[in-house]
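Tertiary structure, described
Given next are the chains, with one letter for each unit.
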Amino acid sequence: MTRSAASSGNVRTPEDAHDRWIDVRGLQKIYRPRKSEPTHALADVDFTVRKGEFVAVVGPSGCGKTTLLKILAGLVQRSEGTVRISGVDVDGPKREVGMVFQAPTLLPWRTILENVLVPVEVQKLDRTAHRKRAVELLDMVGLGGFADKYPNELSGGMQQRAGICRALVHDPAVLLLDEPFGALDAMTREYMNVELLRIWRESRKTAVLVTHSIPEAVFLSDRVIVMTPRPGRIAEIIDIDLDRPRDLSIMASDAAGVYVERIRRYFNNSGVIN
Amino acid sequence: MASLNTAPSKPDAAPAATAAPRRRRRLDLHERPELILVPAVFVVVVLAWQFLTVPLGIKEYVLPRPTQILDAFVAQLGSPAFWSNVRVTVTEALTGFVIAAVGAILVGTFVAQVRVVERTVMPYVVAIQTIPKVAIAPLMVVWFGFGAESKIIMAAVIAFFPVLVNVIAGLKSADADKVEMLTSFGASKFQIFRMVRLPSALPFIFAGLDIGVVFSILGAIVGEFIGAKEGLGYQLLQANYNFDIPGLFAVLLALSVLGIVAHLIVRYANRRIVFWNSGDRGGAH
Ligand SMILES: Nc1ncnc2c1ncn2[C@@H]1O[C@H](COP(=O)(O)OP(=O)(O)OP(=O)(O)O)[C@@H](O)[C@H]1O
Ligand SMILES: [Mg+2]
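Starting from 1, residues in each chain are numbered consecutively following that chain's sequence as written. Chain letters start at A and ligand numbers start at 1, both assigned in the order the entries are written. The predicted nature of this model means local features are confined to residues of pLDDT at least 70 and side-chain atom pairs, given and counted, to a pLDDT of 80 or more, with totals for whole chains, interfaces and linings taken over all residues. Note: side-chain values were computed over all heavy atoms of the structure, leaving out hydrogens and water.

With an unreviewed UniProt entry as reference, chain B is termed ABC transporter permease, source organism Microbispora amethystogenes. UniProt positions are given in the numbering used here, feature names are shortened, and annotations may be inferred rather than shown by experiment. In its Sequence similarities (unreviewed entry) section, UniProt records this for chain B: "Belongs to the binding-protein-dependent transport system permease family." According to UniProt, the comment filed for chain B under the heading Subcellular location (unreviewed entry) is "Cell membrane".

In the annotation of an unreviewed UniProt entry, chain A is listed under the name ABC transporter ATP-binding protein and assigned to Microbispora amethystogenes.

The structure is reproduced here in structure tokens:
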């Protein structure tokens, strides 16, 4: 089998492909709205994510985290740079990607279960099998009794959990999460963190999570990407060397505390208080 | 959205506890005095009308008293000719309305899909909307004759535009977030239309239908004014020629009842179909 050379000219080995499962190089994003000034949202963003890796992105509000995720999801056009997932250029939405949006974005005319099944319907997957999976996912996030309710009967946090089920229902290989737990209380949030880790571990997904919570980033990730204020650049990528599988007690460890402090310093230095 | 667990499941929320609605009504009167004021104004006006026309020397054949109108109306209810006229007018109006609604939804959907078409068509829609469409009634009678066709077409023409404008506005009202969410899962344009744009447009479409259904009665009546041998418009003109002013008012009363019933039916359908919309949103006019 002959392997075509990547556009950069490098011949990619299988290990390389595995290590660069998500491959972002020289990414720039400038929004040019018709009626207002352009916004330089992302500047010179370079990073890779290994297959099956869990990466968190933290950074001050407005630094382009959502923009970055939407570019990975193929929803927003980049201005410059290359973005590849599993070796394929991202030029539009892909089926192997599941996205959890910053706002729950449920359809008010569909029940919670029907909302969770939206990707199944869109991608014309087997309905009965996925229905069972959807019910299991709803049970897992504590919405078992709400499958037949409508979104306006649920709190914001409950809607957000339904949004997480929707991103998981078609079992995507890549999971993009934009502050999925922002609307949850601390207890539910910790529970959801643990469940997310379990799903990620069992289904071997590649996950990119945007979060405002530094402890959450440390607890979940293999690596944390710290971003600067706008235009968002990568300040540092920090390897989180904590044993897996993890449970919440690990957050009481000194090692975790050191990571949290180290990331927090960036925020304090840049004068952005969360 | 305070108590989540006790929230009734939306579609069949009918059987409610007895205590809660009573408390809510009392609260409503405090916040919405119009619930009392609207019927109060009606009663005052009708009483004044009843008891002041004679002292003020207003002739009965100019303005009959409410009791006389009611008598005439009740008399009509017993008359087969009246019911036959009701049936004629309702059939014309409804047929015209259905043609207008289906046509406006189809045309509006097509127009809203293609930007070039929309940009080209909209100036004409706006221009045509400013024409007083009752003015074309005589022409319709010339073209389509004295039968039901000219009335149906009048009803359809008048009801068409409010529905069309709302269909177009509604189909463009979908949240960008919802469209983006579906896009992220790989939805096709048609899937986005069916799963987001159309449901988002429904509150607007119903607002248009609500106006359209009342307009369609207007259209049928105007058509009958120009030339007809049956229908409520015809009966109204007959009462006029015969100087039967209470009879004329009785037909007016019948027409308002028809209009109100049509409006309530559309509103009921809206509540059932657009159940997720609490009615505080949507609707361009
Ligand atoms: N569609 C758009 N058009 C124009 N500017 C945009 C658009 N979307 C985002 N921006 C701008 O790009 C910058 C980055 O936005 P983005 O939503 O990616 O930030 P964020 O890091 O996700 O912020 P937060 O943490 O508050 O969610 C902001 O200044 C924002 O105003
Ligand atoms: Mg964001």
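**Things to note about the overall build of chain B**
The numbering of helices and of strands both runs from the N terminus, where a helix is a DSSP run of H or I of at least 4 residues and a strand a run of E of at least 2. Scanning chain B from terminus to terminus reveals 11 helices and zero strands. Only protein chains enter the calculation, and the probe is 1.4 Å; a residue is then buried if its accessible area is under 20% of its type maximum, exposed if over 50%, and partly exposed in between. Out of the 285 residues belonging to chain B, those deemed buried represent 39%. Total accessible area on chain B is roughly 16,500 Å²; 69% of this is exposed by carbon and sulfur atoms. Note on areas: these come from Shrake-Rupley sampling with a 1.4 Å probe, and a residue is covered only by the protein chains present in the view.

**Here we look at the UniProt feature "domain: ABC transporter" (unreviewed entry) in chain A**
Feature annotation in UniProt places "domain: ABC transporter" (unreviewed entry) on residues 22-254 of chain A, given in this structure's numbering. End C-alpha atoms of residues 22-254 of chain A are separated by 31 Å, and the span's content is 30% helix alongside 25% strand.

**Considerations on the interface of chain A and chain B**
Facing 30 residues of chain A, the contacting portion of chain B comprises 25 residues. Per-residue buried area on chain A facing chain B is highest for A:Trp109, A:Val122 and A:Glu153; these three make up 27% of the total on that side. Should a side-chain nitrogen of Lys or Arg be within 4 Å of a carboxyl oxygen of Asp or Glu, the pair is scored as a salt bridge. Summed over the shared surface of chain A and chain B, the result is two salt bridges. For the salt bridge of A:Lys70 with B:Glu180, the shortest nitrogen-to-oxygen distance reads 2.8 Å. Going through the elements one at a time, strand 6 (97-100), helix 4 (118-122) and helix 6 (156-168) of chain A are the ones with two or more residues in the side of chain A that touches chain B. Charged residues are taken to be Asp, Glu, Lys and Arg, nonpolar residues to be Ala, Val, Leu, Ile, Met, Phe, Trp, Tyr, Cys and Pro, and polar residues to be all remaining types, Gly included. Of the residues belonging to the side of chain A that touches chain B, the class tally is 16 nonpolar, six polar and eight charged. We call two residues contacting when some pair of their heavy atoms lies within 4.5 Å. Using a 1.4 Å probe, buried area is obtained as the accessible area two parts lose upon being combined, added over both of them.

**Thoughts on a positive patch on the surface**
Patch construction takes residues with relative accessible area above 30% that form no salt bridge. Like charges are linked within 9 Å, and nonpolar side chains (Val, Leu, Ile, Met, Phe, Trp, Tyr) are linked within 5 Å. Positive residues here are Lys and Arg, negative ones are Asp and Glu, while His and the chain termini are left out of the count. Here the site of a charge means NZ on Lys, CZ on Arg, CG on Asp, or CD on Glu. A cluster of basic residues, A:Arg34, A:Lys35, B:Arg115 and B:Arg119, forms a positive patch on the protein surface. Position of B:Arg115 relative to the elements: it lies in helix 5 (residues 115-130). Given a relative accessible area of 56%, B:Arg115 falls into the exposed group.

**Focus on the coordination of the magnesium ion (ligand 2)**
Residue and element names in this part refer to chain A. Note on donors: an N, O or S atom is included if it sits within 2.8 Å of the metal, or within 3.2 Å for Na, K and Ca, and water is never included, so sites can look incomplete. Taken together, Thr-66 (OG1) and Gln-102 (OE1) make up the full set of protein donors to the magnesium ion (ligand 2), lying 1.9 to 2.3 Å away. In this pair, Thr-66 sits in helix 2 (residues 65-72) while Gln-102 sits in the loop between strand 6 and helix 3 (112-116), placing the two residues 36 residues apart along the sequence. Taking the relative accessible area as the measure of exposure, Thr-66 reaches 23% and is therefore partly exposed. When its relative accessible area of 41% is taken as the criterion, Gln-102 is described as partly exposed.

**Quick word on the site of ligand 1**
All names here are of chain A. Taken together, 15 residues surround ligand 1, and among them Ser-61, Lys-65, Thr-66, Thr-67 and Arg-230 come closest. Counted as a polar contact is a pair of N or O atoms within 3.5 Å, where, for protein atoms, one must be capable of donating a hydrogen and the other of accepting one, and residues adjacent in sequence contribute only when both atoms are in side chains. One of the side-chain N or O atoms of Thr-67 is found 2.5 Å from an oxygen atom in ligand 1. Isolated, ligand 1 exposes 640 Å² of accessible area, and the fraction of that covered by the protein chains is 66%. Residue assignment for the shell around ligand 1 shows that the elements contributing at least two residues are strand 2 (39-49) and helix 2. Proximity is defined per residue: any heavy atom of the residue falling within 4 Å of a molecule or strand makes that residue near it.

**Examining the domain arrangement of chain B**
Accessible area lost upon the coming together of the parts serves often as the stated size of an interface. Residues and elements named next belong to chain B. Residue ranges assigned to each domain were obtained from an automatic or database domain assignment. Examined at the domain level, chain B breaks down into domain 1 (2-52) and domain 2 (66-273). Tallying the contact residues gives four residues for domain 1 and five residues for domain 2. Here domain 1 packs against domain 2, burying approximately 360 Å² in sum over the two surfaces, 65% of which is carbon and sulfur. At the surface where domain 1 touches domain 2, the tally comes to zero salt bridges.

**Digging into the sheet that holds strand 1 (residues 22-31) of chain A**
Residues and elements named next belong to chain A. Reading across the sheet, the four strands line up as 2-1-4-5 and stay open at both edges, with antiparallel pairing between neighbours. Where the open sheet ends on each side, the last strands, each with one partner, are strand 2 and strand 5 (88-89). Two strands pair under a simple rule: DSSP has to find at least two bridges between them. Here strand 1 runs beside strand 2; their pairing, made up of seven bridges, is antiparallel. Residue pairing in the sheet places Val-24 in a bridge with Phe-47 of strand 2. Contacts between helix 2 and the sheet are confined to strand 1, strand 2 and strand 4 (80-85), with strand 1 contributing the most and set at about 120° to the helix. To get an axis, a line is fitted to the C-alpha atoms, and for a helix only the part in contact is used. The angle between two axes follows their N-to-C directions and goes from 0 to 180 degrees.

**A word on helix 6 of chain A**
Residues and elements named next belong to chain A. For helix 6, which comprises 13 residues, the first-to-last C-alpha distance of 19 Å matches the rise-based estimate of 18 Å (1.5 Å per residue) to within 8%. Among the 13 residues that make up helix 6, 12 are buried, leaving the element largely enclosed by the rest of the structure. Residues of helix 6 that are buried: Gly-157, Met-158, Gln-159, Gln-160, Arg-161, Ala-162, Gly-163, Ile-164, Cys-165, Arg-166, Ala-167 and Leu-168. One fewer than the residue count of a helix, multiplied by 1.5 Å, yields its expected span.

**As for a nonpolar patch on the surface**
Residue and element names in this part refer to chain B. A cluster of nonpolar side chains, namely Leu-52, Leu-56, Ile-58, Tyr-61, Val-62 and Phe-243, defines an oily patch on the protein surface of about 620 Å² accessible area. Locating Leu-56 in the fold gives a position in the loop between helix 2 (34-52) and helix 3 (66-77). Accessibility expressed as a relative area gives 62% for Leu-56, which makes it exposed.

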